Amino acid sequence: MSQYVLKIASRCDLKCDYCYVYEAADQGWRRQPPTMDQAVVTTIAGRIAEHARRHDLPAVRVVLHGGEPLLVGPRRLAEIAGELRATVGPALDLRMQTNGVLLTEEICAIAREHRIGIGVSLDGNLTAHDRHRRFAHGGGSHQHVLRALELLRAPENREIYAGLLCTIDLCNDPEQVYRALLAERPPRLDLLLPHATWETPPPAFDGAMSYGTWLSAVFRRWTADGRTVPIRIFDALLAPGVVGAEAVGLGPADLVVIETDGSYEQVDSLKVTFDGAAATGLDVFGATVDEVSAHPMIAIRQIGRDGLSATCRACPVVERCGGGQFPHRYRAATGFDNPSVYCADLKELIDDMDERDGLATWVRDELAGGAGATDAVAQLAPIHEALARARVVTLGRTGPDGWAQLAALDESAPDAVRAVLTSPFVRRTDASHLANLAAAAAIRAGAAITVGVPVRDGLLVLPTLGALRLTGADAVVPVRTSAAGFAVDHLTVRLDDPPPQWLPTRELRPGIRLEDTDPLRDAYDELTVADRLDDRAVLAWRQRLDAALDSLRATAPQYLPGITATLRAIVPLAPDGTGTQRSGSARTAFGAVALTPEEPDALAVLLVHEVQHLKLGAVLDVCPMFDPRDPRRVDVPWRTGPRPIEGALQGTYAFLGVADVWRRRPGPVAAARFAALRGEVTAALGALTTGELLNPAGARFAARMRAIVDRW
């Protein structure tokens, strides 16, 4: 268990008519103390710390919740946060979800001191929000929430502003709601389906609007706007298994709720099903977290697809929706062994996303043909950026050095942050590397910040810019950035006139750099990356790359758009003494290929081969084509042993492109090479399309490849 919801108050100062705590089947709140006392806080803090140590958890999220958590008052809030920080330690990611009514500058100061990220519930504009979120006397809360959000937007409070949570109502115009939420400049958004079951269906709307249609409308506007803010349900459906969300996906549900009396409960949205549904019969005084994790109703949510109904297990989009949120599957006669009551809505949303997003069927069909048209290939880089941002947001949950500065820069200098986050290796980073990203973005923006940046192997690395060689042991050093460059201790580095210790990133041609300093470039299995090259070697690489692109331009120009749209860095490989051509690419390093220096025609083939891998990797990031847990392996002609399904599919697609290049080259040698590769690709496609190794999307992709090969 890595996520805990602490119900520090069991009462609320609003009377929202859709609230699952007070207005649904389970009325257990009436039996709870109004607030959580110190004995419960102390005990659960110890339980969390013990569990984190036992399982070596790098991060633990605790959400202070209610009711309304701010009803405990400022002093009590500080005591609870202080106890958790002192006991759980640096792994603690502390959050609070509030309606915002009682938020004050005093509360914000406490949140800054104890590093509490504050999420606020807001359902849209005045009409949308006050439709449900009212006081007991009937008055609306919208103006109170706007005042709270004004506090959180203040520069000193931006680092504690965690985001907005919005519950969907079909009566509210989706684009107006989205615009109202965006106007509050949140760092992230969460759109919630109203909690409902087959016994108590969600509110309907007199018209053509469904929940799937409503969400699709927001998705289209969000995409048109450039996806400037993460929206969790969309990110989770676009990147299943990468971005976690309770509402969708097959990831294990590692969350437990602690009520004000210290009792452990399952996810509290179960209260919408029946009275007592969330109870476990355990409490913090008598049971460890391991013991509550073994509760049958919690354990079943750890086993992914196997815990779903037969209908869900057979569904082609199960990897994406994950059967929907657990409480939404409830039916009195069959319990939770059902699809979600929102099944049709989720399917509608996923289908619409696939048609309107970079996953659109026409894009996949176009790419499956080999080179792919320019407009199809252009859909891939935004996938990498979205996943890189999701990775950074996940790492930022614990508040590491650089996170607050990077988040602030993303508002004030978004182009500078985008230039850094779209570099190939961000998805391979860890939390300590956020400081490197922040410093690099600040320098690009000409902004003045101070951040502690780690030094590894004697190098202070600034992604996309270069590295500073420092003597002495590895450490964290304060970096002060400016419009001209940066300073470390007594050394000032002006990028227009750098000292000898500065190792700049070198460009091979506009938009493509040679990467030989970033330690994260070592991403290629069984391949050793080269150390820093001298200027003469870099010049030779420039000449080779230009000549290789000229070779493609002369014989296979269809592949140039793919290279232009995807290739951002070349990572030189170290000589291995054999003279063998070697190359590599990685799903987590979109935009970079590792290569040995070759003559132009050979280098052109290697570039096409690896860029094919990058293209298909980006598609697979958001469109699964097979079950990743399937242990079966596939025989392919170019390997001596059978390959995993992904490896076989990737190799087939790469050699499809290589065969196409040889097909277009003149002469008998090229013709013989093409004939051999065509036979290998045909054999591999035959193996891949036997035995239902691929899901419908994968089968369609393979069929499109086969159609192309058959036309040759």
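Refer to the preceding data block for the structure.
Since the model is a prediction, treat every value here as computed from it, not as a measurement. (Residues numbered from 1 in each chain as written. Predicted model: local features only at pLDDT ≥ 70, side-chain atom pairs only at ≥ 80, totals over all residues. Heavy atoms only, no water.)

K.L.:
Tell me about the pattern of salt bridges, and please be specific about residues and values.
P.N.:
Side chains that carry opposite charge are capable of pairing whenever their charged atoms lie near each other. For the structure shown, the criterion picks out 39 salt bridges. The partner of arginine 220 in a salt bridge is aspartate 352, with the nearest N and O atoms 3.3 Å apart. A residue pair is termed long-range when its members are at least 10 positions apart, and arginine 220 in helix H7 (residues 211–224) and aspartate 352 in helix H13 (residues 343–356) qualify at 132 residues. By relative accessible area, arginine 220 is classed as partly exposed at 33%. Aspartate 352 gets classed as buried once you look at its relative accessible area, which sits at 14%. Measuring nitrogen to oxygen at the nearest pair gives 2.5 Å for the salt bridge that ties arginine 587 to glutamate 646. Of this pair, arginine 587 sits in the loop between strand E20 (583–584) and strand E21 (592–595) while glutamate 646 sits in helix H23 (residues 645–664); the two residues are 59 residues apart in sequence, bridging distant segments of the chain. The class of arginine 587 is partly exposed, set by a relative accessible area of 31%. Looking at glutamate 646, the relative accessible area reads 26%, which means it is partly exposed. A network of salt bridges, in which partner residues are shared, links Glu175, Arg179, Arg221 and Asp225. (Salt bridge = Lys/Arg side-chain N within 4 Å of Asp/Glu carboxyl O. Helix = DSSP H or I, 4+ residues; strand = E, 2+ residues; numbered from the N terminus. Buried < 20%, exposed > 50% of the residue type's maximum accessible area, 1.4 Å probe, protein only.)

K.L.:
Hey, could you go over the packing of aromatic side chains for me, with residue numbers and the actual values?
P.N.:
In the structure shown here, the tally under the stated rule is 12 aromatic pairs. Ring pairing ties together the aromatic residues Phe274, Phe326, Tyr330 and Phe336, which thus form one cluster. Between arginine 665 and the ring centre of tryptophan 662, over which it is positioned, the NZ or CZ distance is 4.8 Å. (Phe/Tyr/Trp six-rings, centres within 6.5 Å; stacked < 30°, edge-to-face > 60°. Lys NZ or Arg CZ within 6 Å of the ring centre and 35° of its normal.)

K.L.:
Could you give an account of H23, naming the residues involved and the relevant values?
P.N.:
A rise of 1.5 Å per residue sets the reference length of H23, with its 20 residues, at 28 Å; its end C-alpha atoms lie 29 Å apart and thus fit the reference within 8%. Counting buried residues along H23, 17 of its 20 residues qualify, which places the element largely inside the surrounding structure. (Expected span 1.5 Å × (residues − 1).)

K.L.:
Report on the side chain of glutamine 325, specifying residues and quantitative values.
P.N.:
Inspection of the secondary structure assignment puts glutamine 325 in the loop between helix H12 (318–321) and H13. Residue contacts for glutamine 325: discarding those within four places in its chain leaves His195, Glu246, Ala247 and Ser269. (Contact = heavy atoms within 4.5 Å.)

K.L.:
I'd like a rundown of the sheet that holds strand E12 (residues 466–469), residues and numbers included.
P.N.:
Strand order in the open sheet formed by three strands is E11-E12-E16, and the pairing between neighbours is antiparallel. This sheet does not close on itself; its edge strands, each paired only once, are strand E11 (459–462) and strand E16 (502–504). Put simply, the sheet's adjacent strands are angled 20° from each other on average, direction ignored. Alignment of E11 against E12, held across four bridges, turns out to be antiparallel. If you follow leucine 462 over to E12, its bridge partner there is glycine 466. (Pairing = 2+ DSSP bridges. Axes fitted to C-alpha atoms, helices over the stretch in contact; angles between N-to-C directions.)

K.L.:
Describe the layout of surface pockets, and please don't skip the residues or the numbers.
P.N.:
Counted as a void, the second largest pocket has a volume near 1,500 Å³. Around the second largest pocket sit 35 residues that line it, and Ser583, His609, Glu610, His613 and Arg639 are the ones nearest its centre. Looking at the lining of the second largest pocket, the elements with two or more residues in it are E20, helix H22 (600–622), strand E23 (643–644) and H23. When residues of the lining of the second largest pocket are assigned to their parent elements, the largest contribution, eight residues, is made by H22. (1 Å grid on protein atoms, 1.4 Å probe; cavity = no way out; pocket = protein on both sides within 12 Å on 5 of 7 lines; lining within 4 Å. Points joined across faces, edges and corners; volume = space filled by probe spheres on them.)

K.L.:
With reference to specific residues and values, describe the sheet that holds strand E6 (residues 189–192).
P.N.:
If you walk across this open sheet you meet the nine strands as E6-E5-E4-E3-E2-E1-E7-E8-E9, and the pairing is mixed. Of all strands in the sheet, those bounded by a partner on one side alone are E6 and strand E9 (279–283). Neighbouring strand axes in the sheet, compared pairwise and without regard to direction, differ in orientation by 25° on average. Bridging between strand E1 (residues 3–7) and strand E2 (residues 60–65) involves five bridges; their strand directions are parallel. Within E2, the residue paired with glutamine 3 across the bridge is arginine 61. Sheet strands touched by helix H2 (residues 74–88): E1, E2, strand E3 (92–98) and strand E4 (116–121). Its angle to E3, the strand with the most contacts, is close to 155°.

K.L.:
Kindly report on the packing of H23 against helix H25 (residues 696–711), identifying the contributing residues and their values.
P.N.:
Here H23 crosses H25 at 30°, and the two axes come no closer than 11 Å. Considering their axes alone, H23 and H25 lie roughly parallel with respect to each other. Handedness of the crossing formed by H23 with H25: left-handed. Contacts from Leu649, Thr652, Tyr653 and Leu656 of H23 reach H25 at Phe701, Met705 and Val709. Across the contact of H23 with H25, the residue classes break down as six nonpolar, one polar and no charged. (Parallel < 35°, antiparallel > 145°, perpendicular 65-115°, else oblique. Left-handed = near helix turned anticlockwise from the far one by under 90°. Nonpolar A, V, L, I, M, F, W, Y, C, P; charged D, E, K, R; others polar.)

K.L.:
For the environment of alanine 438, give the residues involved together with the corresponding values.
P.N.:
Here alanine 438 shows up in helix H19 (residues 434–445). Residue alanine 438 is classed as buried on the basis of its relative accessible area, which comes to 0%. Residues alanine 438 and arginine 532, 94 residues apart in the sequence, show an inter-C-alpha distance of 24 Å. For alanine 438, the residues in contact, after removing those within four places along its chain, are Gly402, Gln405, Leu406, Leu409 and Ile449.

K.L.:
Before we move on, can you summarise the side chain of aspartate 352 with the specific residues and values?
P.N.:
Within the structure, the side chain of aspartate 352 is placed 3.4 Å from the side chain of serine 216, a separation counted as a polar contact. In terms of polar contacts, aspartate 352 uses its side chain to reach the side chain of arginine 220, at 3.3 Å. Every residue in contact with aspartate 352, bar those within four places of it in the chain, is listed here: Ser216 and Arg220. (Polar contact = N/O pair within 3.5 Å; in protein donor to acceptor, adjacent residues only side chain to side chain.)

K.L.:
A description of H7 should follow, citing residues and the corresponding values.
P.N.:
Every α-helix carries 3.6 residues per turn, so stepping three or four residues along brings you back to the same face. When the terminal C-alpha atoms of H7 are compared, their 20 Å separation across 14 residues agrees well with the 20 Å that a helix rising 1.5 Å per residue should span. Note on H7: the residue one or two positions beyond its end, glycine 226, has a positive phi of about 90°.

K.L.:
I'd like to hear about the pairing of strand E13 (residues 476–481), residue by residue, with values.
P.N.:
Side-chain direction in a regular strand flips from residue to residue, so the side chains alternate between the two faces of the sheet. Burial along E13 is one-sided: the face carrying Val477, Val479 and Thr481 is buried and the face carrying Val476, Pro478 and Arg480 is not. Inspection of the sheet shows strand E10 (residues 450–454) paired to E13 by five bridges, in the antiparallel sense. Each residue of the ladder has a partner; that of glycine 452, found in E13, is proline 478. Alignment of E13 against strand E14 (residues 485–488), held across three bridges, turns out to be antiparallel. Within E14, the residue paired with arginine 480 across the bridge is alanine 487. Connecting E13 to the antiparallel partner E14 that follows it, the hairpin turn spans three residues.

K.L.:
Tell me what's going on with the packing of H2 against helix H3 (residues 105–114), and back it up with residues and numbers.
P.N.:
Packing of H2 against H3 brings their axes to within 10 Å, and their N-to-C directions diverge by 5°. It follows from the interaxial angle that H2 and H3 lie roughly parallel. Between H2, through Pro74, Leu77, Ala78, Ala81, Gly82 and Arg85, and H3, the contact on the second element is made entirely by Glu106, Ile107, Ile110 and His114. A breakdown of the residues in the contact of H2 with H3 according to their chemical character gives six nonpolar, two polar and two charged.

K.L.:
For the environment of aspartate 635, give the residues involved together with the corresponding values.
P.N.:
Its location among the elements puts aspartate 635 in the loop between strand E22 (633–634) and E23. Residues aspartate 635 and proline 519, 116 residues apart in the sequence, show an inter-C-alpha distance of 34 Å. Each residue touching aspartate 635, except ones within four places of it in the same chain, is listed here: Pro642 and Ala687.

K.L.:
Describe the state of the cysteines, listing the residues and the values that go with them.
P.N.:
Within the structure shown, the criterion is met by zero disulfides. For the unlinked cysteine cysteine 19, the closest cysteine sulfur is that of cysteine 16, found at 6.3 Å. The structure places no disulfide on cysteine 171, whose sulfur is separated from the nearest cysteine sulfur, that of cysteine 166, by 13 Å. Here cysteine 171 falls in the partly exposed class, since its relative accessible area comes to 42%. (Disulfide = S-S within 2.5 Å.)

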